[in-house]
Amino acid sequence: MGSLKLCVFSLILLKFQYISAEFFKRDVIELEKGPEDVAWVVQLSDLHFSVHHPERALSFEKIVGPALSMINPSLVFITGDLTDGKSKDLLTMKQDEEEWLEYQKVLDNVIKKSGLKKNVFYDLRGNHDIFGVPAIGGSFDFYSKYSINGQLKRSGLVNSVTIQTGERSIQFVGFDSIMSLGLRGPTNLFGHPTDQLLDEISSELSVLDSQPAKPVIKIAYGHFPLSFSAVSQSGRTLKETFLTHNLSAYLCGHLHTKFGKNLKRHHESNQHPLYFKHLLQLNGHGSLPNNSKTCSDEATEFKEFWEWEMGDWRKSRAMRILSIDRGWMSFVDVDFKLGAKNVIILPTFPLDSRFTLERSFHKCKVESLNLNSIRALVFSSSPVVSVVARIYDSRPGNLVTVLETPMKRNEDSTSRGNLYTCPWNFNAFEDPSPDRFLLQIEAVDIEGRSTLTELRPFSVGGLRARLSWNWKEFMVMGCQWEALYFPILWLFYLLTLPILVFPKAIFVFLRKQYTYKSLVGNRKLVTYVAWILSELYNLPLVWFSIIIYLFYLILCPWLSGQVFTEGGEKGYMTYRGWVLRFNEREKLDFHGFPDIMVVVLPHLYFVVLPTIIVIGVLVAERAVFQDHLRALSAKKEDDYLVKSNVSTLTSGRNKTLTLLHRRWIRKMLLLISLAICWKHFLNCRALIKAYAMNPFIHFPVYSMSIPLLLTYTIYKTSRAE
């Protein structure tokens, strides 16, 4: 009996060891061919293969396969939104198996054309890839069946692969931060890292820390930018995890180029004045480097990393090539909208001063030997006959060429790619301005075609240039939307409820009334507001309806609908998220927070708030018109409106009287009311399509209150009493 127990225990132990080995198995790529200590990878994102737009897949297969063959990267990352999952009118969002079959077929053809091994491709889910998926691994989870990761049995939410050069390790950690339940859009917009996911990411990022012999470069990739990533249940964030483990860069997608091509953001461990309690960052570069540090200052290492969002394939046909040259990162985003490229150039040194890391240029760690050459990777489909590096000085106000020198290819018959270098005197380009000097490289192939890189600012001292955002870039990269949702929500109620309720209490308590005549003698903003509210209180049904509706939006469900692709249970939506079922403790379990903001905030600020303002102005206009009619009756000034010839002194007054008499202001308000109702109708139509609802059954209060309020107010203010 004892020997039997021992055998069983041994089998369990062997099984545990096997599972552990499989669980902790990590891919490693050894780079043996030249160029030495240089690696490069490719990133693609937001393919959005769609049955309604077959040209996306066709151009991908036609262009990407040959391009990858020319570039010959060590790894290829596809960071989410592999398929579109949308109807032709863009309002119904759910999985379409035909799109996934197309994705599988196209990727197989691309891999064949590229000549690369399938296991160097890594793809992960975006929010479009889980629209309406009730359970990961279920019948509607086509990603697990048709994606490259799914076919290669990379079933975990975290996947790690390391490139080993002769000098260092370059670790890439990819993760899926999708929500646990794939709600249909539009309330499926954010990444939702859990505490368990953050623990797994931390575990992977710390794997190589016990190998101090080789320096390690850590790079993460995912779909969602950090500005569209929620906090975990315990309040932890991806940013904190990345900073803890000395990440160098985070590669992501999701936002596309419609918001701008400058969607880059520098993150750091210190709190500087451009942060406001983790809510906002006003620019992309963060605080600028402090180059006065000495070696002793490095006792506590400065922690920082770059977040680089890239453009989409969907419309922009974008591809990114990221290189790590002797530990320094550079990238180029290639635009294939005009077709394939014959030559692609990626300067790897000097670095683009807009995207440097402070720790990369610390004086105690950088050897001058690493600075003594200009370096660039040149990928070409035909032989290159010449490569020239030029440096321009921008200080005179126009570009002046200060260096023009040919570059030579590193001789290596078994090279993975062509690295061109040329010597230079880097000390000649030291300058306190990080964007004074600009680098440009030109390559000419055997057919005489010339290719120029963009003008890149550089700083040999590691100074970081300013990276400014336009307003759209700031909105999507500089705002931490998960943290801003509730402040923006409660700001609306802070603006509306006190203004509607407190004056009513004061008027009742003091028994004071504001009239149009009192306004004439005291033209102040407070008096205007008090007078409008006083008139609004004369329509008690309207006032009570507004108050009740505002409380309804906080206390009650907004709507109910079908949140999964097919057959799943219905859920109901509140301002806190979707409620699908009670949890084990018989308490409400909310999903889709803060994704729900895409429905809540537009409704409050672009429908409800304008409605309240228009109602207030309508009742005020009626009061002014009533006063005007009384004045006409008492002073008999009707003659002013029928005279054809008026003096210059009275023409202005006649225009005012005509405006009042014809009620043109009211007519303008009616047009604005129609615009509000139209906006509300579009919102309701989008929700009907998205969640398969009937507005009269599944969300009557949400859909009918605003039109009824406006209609009743227009009717009650149509005649002067």
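Keep in mind that what you see is a predicted model, and the values were worked out from it rather than measured.

Reading the values: the criteria
Residues numbered from 1 in each chain as written. Predicted model: local features only at pLDDT ≥ 70, side-chain atom pairs only at ≥ 80, totals over all residues. Heavy atoms only, no water. Helix = DSSP H or I, 4+ residues; strand = E, 2+ residues; numbered from the N terminus. Buried < 20%, exposed > 50% of the residue type's maximum accessible area, 1.4 Å probe, protein only. Contact = heavy atoms within 4.5 Å. Areas by Shrake-Rupley, 256 points an atom, 1.4 Å probe, with all protein chains shown as cover. Phe/Tyr/Trp six-rings, centres within 6.5 Å; stacked < 30°, edge-to-face > 60°. Lys NZ or Arg CZ within 6 Å of the ring centre and 35° of its normal. pLDDT = per-residue confidence, 0-100.

Q: Help me understand the overall build of the protein, please; the structure alone is not making it clear to me.
A: Counting its regular elements, the protein contains 17 helices and 24 strands. For the protein, with 721 residues in total, the buried portion stands at 53%. Residue pairs at least 24 apart in sequence account for 75% of intrachain contacts in the protein once pairs closer than 6 positions are excluded. For the protein, the exposed surface amounts to about 33800 Å²; the carbon and sulfur share of it is 59%.

Q: Sorry, what's going on with the packing of aromatic side chains here?
A: Between two aromatic rings, the relevant description is the distance of the centres plus the angle of the planes. For the coordinates displayed, the defined rule picks out 43 aromatic pairs. Centre to centre, the rings of Phe190 and Phe228 are 5.2 Å apart; their planes meet at 45 degrees, and the pair counts as tilted. Of this pair, Phe190 sits in the loop between strand E6 (169-175) and helix H6 (195-205) while Phe228 sits in the loop between strand E7 (216-221) and helix H7 (238-244), and the two are 38 residues apart along the sequence. The exposure class assigned to Phe190 is buried, which follows from its relative accessible area of 0%. In textbook terms, an aromatic cluster arises when at least three aromatic residues are bridged by ring pairs, as seen for Tyr485, Phe486, Trp490, Phe492, Tyr493, Tyr575, Phe593 and Tyr605. Of note, Arg154 hangs over the ring of Tyr122, and the distance from its end group to the ring centre comes to 3.7 Å. Positioned above the aromatic ring of Phe331 is the side chain of Arg320, whose terminal nitrogen or guanidinium carbon lies 4.8 Å from the ring centre.

Q: Looking at this structure, I do not really get the environment of Leu439. What am I missing?
A: Within the fold, Leu439 resides in strand E18 (residues 437-445). With relative accessibility at 2%, the residue Leu439 sits in the buried group. Contact partners of Leu439, with chain neighbours within four places excluded, come to Pro347, Pro350, Ile374, Arg390, Ile391, Thr453, Glu454, Leu455, Arg456 and Phe458.

Q: Hey, could you run me through the confidence of the model for the protein in this one?
A: Parts of the prediction with low pLDDT should not have their coordinates interpreted in detail. The predicted model of the protein averages 86 in pLDDT, with 84% of residues at 70 or higher. Here residues 3-24 is modelled with pLDDT under 50, and outside its nearest four sequence neighbours on either side it reaches 0 contacts, counting other chains as well.

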